[in-house]
Each structure stands twice: as C-alpha cells, then as structure tokens.
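# Fold and contact review
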Amino acid sequence: MVDVVDHSSIIEEEERRAGRSSTGKISVGKASLVLLTLLVLPALIRPQRLDKLAFDEQTLAEINAVRPDYVFIGNSMLESRIDPKVLAERLGERCCFILWTGGAESAWMHQALKNIALAADHTPKTVFMFFRDTYLTQPTYRATDRYWWKIERLSHRDEPELTRAMAQSRTWQEELEYRLTQVYPIEKARDRVAGFVSWVASEIVTPGRVPLGGQAGQKYDALFDLDKLRSVEADDTAFGEEDLSEFDFAGHVNSSLLPSMVNLAKQHGVTLVFVRVQRRPTASGPPPQRPELKTYIAHLREYVLAHGAQFYDFTGDPALTLDHYNDGDHISAAWRPQSTELFLERLSGAFK
Amino acid sequence: MIFQSLDFLVFLIVVVSLHWMLPSRWRGGFLLLASYVFYGYVHPWFLFLLWFVTVAVYGCALGIERLPGYRKTFLMLGLGSCLGMLGVFKYFHFFIDNVVAALRALGFDASGPTIQIVLPVGISFFAFQGMSYVIDVYRGQVRARTSLLSVALFKAFFPQLVAGPIERATHLLPQLEARRVLRMELMVEGLLLLVWGFFKKLVIADNVSIIANKIFLLAHPSFPLLWAGVLAFCIQIYADFSGYTDIARGSAKMLGINLIENFRHPYAASSPSDFWRRWHISLSTWFRDYVYIPLGGNRDGQLIGARNVLITFGLSGLWHGAGWNYVAWGGYWGLLIVGSRYLGGLFPTQMWALPGVRLLQVALMFVITNIGWLLFRETDFHALLADLSTSPWAASAEDWQAAAYFACLVCLYSIPLILHYFVDSESGFARPRDVAATRSLVLRTGSALAMFCTILVLRTANSGDFIYFKF
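Quick look at the structure, then. Only a predicted model underlies this, so the values are computations on that prediction, with no experimental measurement involved.

### Some points on the overall build of chain B
- Across its full length, chain B holds 20 helices and zero strands.
- In terms of C-alpha radius of gyration, chain B reaches 23 Å, essentially the compact-globule figure of 23 Å for 471 residues.
- Classification of the 471 residues of chain B by burial places 58% in the buried group.
- Considering only contacts within chain B whose residues lie at least 6 apart along the sequence, 76% involve residues at least 24 apart.
- Surface summary for chain B: the accessible area is close to 19,800 Å², and the carbon and sulfur share equals 69%.

### Structural notes on the packing of helix α4 (residues 71–89) of chain B against helix α6 (residues 123–139) of chain B
Residue and element names in this part refer to chain B.
- The N-to-C vectors of α4 and α6 enclose an angle of 175°; their axes lie 10 Å apart at closest approach. Taken as axis vectors, α4 and α6 run roughly antiparallel relative to one another. Facing α4, whose interface residues are R71, K72, F74, L75, G78, L79, C82, L83, M85, L86 and F89, α6 presents I123, S124, F126, A127, F128, G130, M131, V134, I135 and Y138.
- Residue composition of the contact of α4 with α6, by class: 16 nonpolar, three polar and two charged.

### What about helix α2 (residues 24–40) of chain B?
Residues and elements named next belong to chain B.
- When the terminal C-alpha atoms of α2 are compared, their 25 Å separation across 17 residues agrees well with the 24 Å that a helix rising 1.5 Å per residue should span.
- Listed in full, the buried residues belonging to α2 are R27, G28, F30, L31, L32, A34, S35, Y36, F38, Y39 and G40.
- Where the residues of α2 are buried, they touch α1 (6–21), α3 (46–66), α6, α7 (148–156) and α8 (158–161).

### Side note on the packing of aromatic side chains
Residue and element names in this part refer to chain B.
- On inspection of all chains with the given rule, the structure shows 66 aromatic pairs over all chains.
- Ring geometry for Y238 and F263: centres 5.9 Å apart, planes at 70°, overall edge-to-face. Taken together, the positions of Y238 in helix α11 (residues 223–254) and F263 in the loop between α11 and α12 (272–278) put the pair 25 residues apart, joining distant regions of the chain. For the pair Y238 and F263, a shared accessibility class is recorded, and that class is buried.
- When the centroid spacing of 4.7 Å and the interplanar angle of 5° are considered together, the rings of F275 and W333 count as stacked. With F275 in helix α12 and W333 in helix α15 (residues 324–344), this pair connects stretches of sequence that are 58 residues apart. In this pair, the class of F275 matches that of W333, namely buried.
- Geometry around Y138 places R71 over its ring, the cationic atom sitting 4.3 Å from the centre.

Parameters and conventions
Residues numbered from 1 in each chain as written. Chains lettered and ligands numbered in written order. Predicted model: local features only at pLDDT ≥ 70, side-chain atom pairs only at ≥ 80, totals over all residues. Heavy atoms only, no water. Helix = DSSP H or I, 4+ residues; strand = E, 2+ residues; numbered from the N terminus. Rg over C-alpha atoms; globule rule 2.2 N^0.38 Å. Buried < 20%, exposed > 50% of the residue type's maximum accessible area, 1.4 Å probe, protein only. Contact = heavy atoms within 4.5 Å. Areas by Shrake-Rupley, 256 points an atom, 1.4 Å probe, with all protein chains shown as cover. Axes fitted to C-alpha atoms, helices over the stretch in contact; angles between N-to-C directions. Parallel < 35°, antiparallel > 145°, perpendicular 65-115°, else oblique. Nonpolar A, V, L, I, M, F, W, Y, C, P; charged D, E, K, R; others polar. Expected span 1.5 Å × (residues − 1). Phe/Tyr/Trp six-rings, centres within 6.5 Å; stacked < 30°, edge-to-face > 60°. Lys NZ or Arg CZ within 6 Å of the ring centre and 35° of its normal.

So yeah, pure geometry; function would need other evidence.
Below is the structure:
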C-alpha cells in the first residue's frame, strides 16, 4: 500500500495551475523588505492626527441650570429603569438630573461623577450609580474606540486617576493598542471612514437627506427600539467556561476607579449610592448567580459601606419578574414608570 | 487562541521564525508543540480530547493494517471513538431535549439532567479528520503511520485544527513528513492570503454582521428588513468562513504546507450541485466520499439516489449544529439537489448555452442560497415560521427604505469580494495575462498594503468569533 498523493506533485500541480515555476530559495532581504513595507508604510501614511475631543461643556451647563439634589449616573440599565417624568412628579420638577449614555461603564461613570456631578455649581445631596455585576472594578471594560470618546468628552487634559486605573488594568494587548492609537489615532479615522461608507449608502437610497459627516444610519434607530427586540436570555444565566478572574474583588479593587469614586464623594460631602440592577430573571425566580459572583458582591458591599457610601441590590426583589423585562437586562418601556416607583419605594431612605 | 487576536500574530511570527531556524528533523515536534499551545491556550483541558482522538485513530489505523482479521473491529472502534466524542460533547443536550420533549408529548412528566457540557471548539472538524484517516487506512488509500508524532501533528496542525479545511491524510501527511524548504514564493503567497483572510473577516464579515445581528434581534422584522438581514448574513458567513480558511492556508503556507482550497466563489454557482462544489469543499467532498458513495451514490436508480442525497445532506446539516434548523437546512439543500437533477433533465441541453441563461441561473441560485441562510441563521423554529410567513405588503415605506439602506451598505462592503471574483483565475473572467500581472511583487505588496490599511481603519471595535468555531 502506498500513499496516493505525493507532496512534490501537490506543489507542482499548484504552481502549474498558478502559471509559474519554482522560484528556488527565499531571499531574506526581499522577505524583510516586504514585511517592513507592510508594517512601516501604514504608519507613514497615517491619517491626520486628531486631538482630544473637546470637554462636554453643554452637559455641565445643563446641570448648572437644573441645580439638582439627586443625580443618577449609568447606562441603558438606568435609562430603562428610571422615568424622569415620574421622578419630576414625585420629587419636584428641578430636583433630579439623569446622566446616562448607552454602553457606558465604570470609567465613564467615574468621569461623569468627577467632572459633571461634583463639578457643578450646586453640589447634589446624593448621587446614584447604576451598575451591573462586576463592572465597577473593570475600568477597561467598554473603554476603547467610541466608548473611549465618550469618556474623553467627560475628561480634561490631565486626569491622573483615570490614567492610573487604565494603565494598571490594561492587558498587554490593550496597552499595545492604546499606545498605537496614541501615535496614530486610527479609531477616529475609522469613525470617519465608516461614516463615509454609511453616507454613500444613504445617498444611494435617499439622496440629499443626510449631510456628509452626519449619522446616516441613525434615522432608522426607531425601528430597533428596545420594545421591538426579541427576548433573549441574559448572558450570565449560562455558566460557561469563562475567565473567573473578574470575580476577584480584592485583586481588582485597588487598580479600579472605585476607590476614587468613594473618595470624591466623601471629599464633597455627597452620599454615593451604588445600585446594582437585577439581570433578567427566569420564569420561576431571580436570575441564577454563580457562587463566585455572590462572593464578589458581598465583598463589594462590604467595601462600599466601609468607605461611607451606600449599597442597594435589586437582585432577588420579588417585585421584579420576567414579564417586566424587555430584552436581556432592560426593563420594558411599558413598565418603566412602575420600575421608577419601585426604586423610590425601595430607596426611600436616600431621599429624606 | 483565536486568529483575530494580537496573541495569534505574535504566536505566528514566533512559530514561523523558529520553525525555519530549527534543523529539519526537529520541525515536526516543534510544530506539534506549537499546535498544542494554540489549542490549549484558553482551555488546556480541551487538549485531552485531542489526545484521545489522536491515540484512538493512531491505534485503530495500526490495528487495521497489522491485524487483518480484526480490520472491521478496528474500523468500528476508530469511528466509534470519534463519533462517541461528538455524541457526548456536541449532541448530548440535543438528544436529551428531544427525548424529554417526546416523552412530555406522550403525557409523561419528564425532565432532563441539569449538567452543562461545554462544546470544545473545532470538535467536529478534528473528529471528521480522524474518521477519514481510519477509513482511508481501511480502504488501503494511505499507509497507517507508525510514528505517533506524524499522526498527532496531522490531527493537531494548528492552522486547520479549529475550523478546517478538513484535510485528508493523503494530502496533508506526506507534506508534514517531507523535508520542507523555505521558499520566497510560498512565503509571499502565505502573507497575502493571511492579509486577505483578515481583511475578509475584520472588514467585511464583522461590519456586515452588525447589520445581520441587529435585524435578527427584531421580534417581528418586516419582510424587507428580514431579507436585508439575510443578505447581510449571506455575506457575513462567506467572508467569515472563507476568511478563516485563507488565514489558515496563509499560515500553513508560511510553514511550507499547502492546505486544500475550501471555497471557489460559491455565490457564482449556477446550480445547487455547483454551489456545493464551491462551498466548504473539504466538508462536501468528505460527505461525498465517506457517506454518499458508500450509501450507493446514484448507482441504484433515481429513487435510491435521491434518498442517498437526502441522507447525506441531512447529516451534513446535523454536522453544522445540534438543532433542527440545521437539519432543515441540510434537507432543504438535499431537496434542491434532487429537484434540480430531475428538472435539469426536462430542458434541452442547448438551452443552457443561450446567452444570459447562466447569469439568470446564478441570480436564481443566489436567491435560493439566501433562503437557505435564513434556515441556517434562525435557530428558533417558531421565529423561522413567523419569518417565512411575513408579507411584503405589510411593510411600511420606512421599512423598505431602511432595508434598501442596509442592503446598500452590505453591497458596499462586498465590493472587494466582487473585485476578487473578477481578477481571480478560478472565476474564468480574468485573462491569463492579467492573472500573471497580478503576481508581480509590487502589485501584491501594494494590494496587501491597501488591505492592511483598510483593516486598521475599518475593522469593528469588537470582532466576533468565527461562526464556524461553534461547529
């Protein structure tokens, strides 16, 4: 018995099909030249260097105009749970201020606390921070690309705490990418080029509707509102083989922005309340939580209380059942007013 | 380790450099070690499965050759090891869920076990490769290797380990055992394939996947939006999977190994059979050689031939995933092939040579392929039925406009795939002189450079896993 195909014949066949002959041994010089060209040229023809995004003075002006006693900071978890109309009815027209942005996590929340809530002319009495599970000790989570720009919009030139937390928490890959983007702001060019592609598509379909540089796809956002999406199980209900290091509270807290948050609140005499949202429950009860997460939350609560802040966990609240949820962890738009009432009831002590 | 990570790039540079620096006799061992690092990088315990299959097929292949009286027993043992592993890790939940559902339908109060089984990446690929080795030895098409290192490297060779191409022993083993010479041509070709593969994945697949994922998240997508989403998925899955294959082939070429082609412009297919000669070639030829032909092929008349096609495609669907939608997808293709064989015979042969007919065939095939992708993408059976009953008349003007916008965006991202089709010698469009011109070092460096810059600028913030990783 012999093998049917012989190696040399495979190579010869491929070369014959490609219409060329064997070129002999490699020239190291040529190979290096190709490699160097590939690596160096993109750097030389880099897009125009773009500066840091300007600080969001408008939001600061807005909070100064409202002069709120209560500030809410968070992402869509906050937005889908708290209805500003209900807050206004129950606490007064100019009593609350909601600072939220889609996909924001702890680095953005830290900057919102430091540079908006606590930088306002009128210091609020209480700041509520809405968060999910372990994100308060993961400053690099959602802190790249467009998420980073959101952080940059709430940052001044010199942000030592943010810089320190990022440097201590980045992996070598994240650090390398960060350093590269410091020299070549690729992600900003990316936004422009991707925006241009979207604009071309928009021009083909509806000519002249969106100016060049405008957000072409945004006009269809309403078609994808949360209440139009199908229900999906929360990610953490399926316990897979994921990285467990995120549940190590002691290992992450000092490199995170959590110490800075509690210290800033203490310095300004503001009560900081961390509100943990409940992820999507199951039909029969609260969402399943892995033991490592329960331990993490216990340590987080202990830390927060020890540093003069408050902690409230909605996980396991019998009033929050599956039918109140929309997609993954968002509360349905229809139940948002009741969700706000529930919040005011459960945290009534914070409003005295 | 995933291809689209910095870790992989560093790994590849180190492995390629060390591989060529080492004396020839050490290269096999070194590649095996590198392959194990690659596979066990995130979940080291997955390696036990790989070792299990390796030892099983190595032992069974030797048994087949050395103990002729027990050939069939060793064949069954080898196949059983691979299929058993697949059964436990891939189909256990599917089987239990269906048994529980059937018992409940019969009025029994049944519930399944609550154990969670993690699906190891690439399990279907290396199980099928293992089976092909044992069958080829049984058929006398390849010698059973006495060197465990050779078999282990054949099973674990990292570029093709996780998502193919599903290599045959007749093609890959002799290359792994031969003394390899570092050649400029293979190196440049490998680098180009690598960049093209990354371009397809990071620029095309990841960008259009945003559209597909967005639309498939809708609870009740309108007719035009649904099909814009299917179109996006159609491009995504091709760019994603063929991108993976190109990265795999490129990496292997840089190590002096030629892996087989897995795609030949599948969306230019003019019939269902033609599509399967162009799409995931290593899998379709696997099923042809190890399932369809042993079942009898089309030797025993049209009816038996049709049955064999349906069984083969049903199994091919199940190979893709433990879900009824995949079986339906396989069945759909099986019916199309049977139907096209029958219908094809009804038309005079001269008709196919008429001008414009091929273009019409390709366009029709593209629509048919997209219907198939809906079955593939929509894993929820009730949602699939709802999707199929969506009426175009119920859609609003805004839905049509949004769908046109998303479809346009998908087309824009697909331009490089279309250009590639026209310059590729395989397509039959490019003249030999043009194909030769594309081989100039300057042109190749220039196009690689352009692709590299585009990757930097247009890659998405979060690149998703390759779709075929989960199979």
